[in-house]
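Per-entry structural report
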Amino acid sequence: VTEAPTASPAPTSHWFEGSGLLAYYPFDGGNATDALGANDGSAHRGYEISTHLRVVDGKDGGDAARLASAGDYVTLPHALTDGAITGDNARTICLWAQIDTWREDDVLFQYGSSGTDADGRTTSPFSLALGRQEGQLVVDNATITVTGSNMAWDYWHHYCVTYDQLNVTFYFDGVAGATWRSSLNTGTETGVSLGSQQGGDYGLQGALDEVYLYDTALNSYSIEVLYGSVTEAPTASPAPTSHWFEG
């Protein structure tokens, strides 16, 4: 006789409309469709434009974008970010990621680059990349170390970076890891690149899921809610036995 089956929770809806939500990419079917509006991204496989990326199971059992080969990445439209999170405007980018192989400078997301704008002002990227050593992440040119006992980077983890026009804050799995003063000036030439630099260099080996972009700096409570909004995939529970035992 087995235990009665228990109900497994359904996957979360993933929908978190905080203030200033610009776009949301759930990567259903491996495509880069914006589930919020008309800001669909472009999927690249082997540096070529594709209708979709390979897929892998996300944290909740839905689809996630698999970055399996060189040149696998996503670019988001310039119109999405131009004027919204350019210059020193406030912003937040959050995503879930699996990191299969830790390689220095591999990119989770990048927006803008270092250089000089038309007015002669220094521009700076808003980005998240892997550092030299496992557990080191480079955010806004600052190196943050995430520590933990037997940290499994090929498991799903949640990453958020916010900028409130004064401070940059990095969150890992819903918790603020570091905050520091920064004066960003992000150029407007390109859109956001997910999983690599623009053009596909320094591509991440792993997977991305549940990407959110905001034109505001989410507070710690909102980040915690966003992190907690994605639950584990439901598991199958055994059916009860018939109780009939014919010796």
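A brief look at the structure comes next. Please read these numbers as outputs of a predicted model, since none were measured by experiment.

Moving on, we come to the overall build of the protein. Each helix and strand in the protein was counted, giving two helices and 18 strands. Residues counted as buried form 48% of the 247 residues belonging to the protein. Put simply, of all contacts in the protein between residues at least 6 apart along the chain, 66% involve residues at least 24 apart. Here the protein has roughly 11700 Å² of accessible surface; of this, 48% comes from carbon and sulfur atoms.

We now examine the state of the cysteines. In this structure the tally under the stated criterion is one disulfide. The side chain of C94 participates in a disulfide bridge whose partner is C160; the two sulfur atoms lie 2.0 Å from each other. Linking C94 and C160, the disulfide has an S-S dihedral of approximately 120° and is accordingly described as right-handed. Here C94 is found in strand β7 (residues 91-99), whereas its partner C160 is found in strand β14 (residues 157-163), with 66 residues between them in sequence. Across the pair, exposure class does not vary: C94 and C160 are buried alike.

Okay, the side chain of S229 next. Relative to the helices and strands, S229 resides in the segment after α2 (220-228). What makes S229 buried here is its relative accessible area of 16%. One polar contact links the side chain of S229 to the main-chain carbonyl oxygen of L226, over a distance of 2.7 Å.

To continue, consider the sheet that holds strand β12 (residues 136-139). The antiparallel open sheet is built from eight strands, whose spatial order is β3-β2-β6-β17-β8-β11-β12-β13. Among the strands making up the open sheet, the edge pair consists of β3 (48-50) and β13 (142-145). Sheet topology places strand β11 (residues 126-130) next to β12; three bridges connect them, and they run antiparallel. Bridged to L128 within β12 is V139.

Looking now at the packing of aromatic side chains. The final tally for this structure, using the stated rule, is seven aromatic pairs. Taken together, a centroid distance of 5.5 Å and an interplanar angle of 20° make the contact between W96 and Y227 stacked. Of this pair, W96 sits in strand β7 while Y227 is found in helix α2, placing the two residues 131 residues apart along the sequence. Given a relative accessible area of 28%, Y227 falls into the partly exposed group. When the ring of W153 is compared with that of F172, the centres are 5.8 Å apart and the planes differ by 55°; the resulting orientation is tilted.

Turning our attention to the environment of S19. Along the chain, S19 falls in the segment before β1 (21-25). According to the relative accessible area criterion, S19 is exposed, its value standing at 55%. C-alpha of S19 to C-alpha of S222: the two residues are 203 residues apart in sequence and 9.6 Å apart in space. Excluding its chain neighbours within four sequence positions, the residues that come into contact with S19 are Y214, T216 and L218.

Here β11 folds back onto β12, and the loop between the two strands holds five residues, one of which, G135, carries a positive phi near 100°. Taken together, the four bridges between β12 and β13 define a ladder with antiparallel strand orientation. Within the sheet, the bridge partner assigned to V139 lies in β13 and is A142. Hairpin remark: β12 followed by β13, antiparallel, with two residues in the connecting loop; positive phi at D140, about 50°.

Conventions and cut-offs
Residue numbers restart at each chain and count upward from 1, following the sequence in its written direction. Reporting in this predicted model follows two pLDDT cut-offs: at least 70 for local features of residues, and 80 or more for side-chain atom pairs to be given and counted; totals over whole chains, interfaces and linings ignore these cut-offs and use all residues. Think of the side-chain values as coming from all heavy atoms in the structure, minus any hydrogens and water. Numbering of helices and strands runs from the N terminus; a helix is a DSSP stretch of H or I covering at least four residues, while a strand is a stretch of E covering at least two. Relative accessibility under 20% of the residue-type maximum defines a buried residue, over 50% an exposed one, and the middle range a partly exposed one, all with a 1.4 Å probe and only protein chains included. The contact definition used throughout considers only heavy atoms, calling two residues in contact when any of these lie within 4.5 Å. All accessible-area figures derive from a Shrake-Rupley calculation using a 1.4 Å probe, and residue coverage is judged against the displayed protein chains alone. Cysteine sulfur atoms are paired as a disulfide whenever they fall within 2.5 Å. Polar contact is the term for a pair of N or O atoms within 3.5 Å; when the atoms are in protein, one must be able to donate a hydrogen and the other to accept it, and sequence-neighboring residues count only if both atoms are side-chain atoms. Two strands qualify as a pair provided that DSSP identifies no fewer than 2 bridges between them. For Phe, Tyr and Trp, where Trp contributes only its six-membered ring, two rings pair if their centres lie within 6.5 Å, and the inter-plane angle classes them as stacked under 30 degrees, edge-to-face over 60, or tilted in between.

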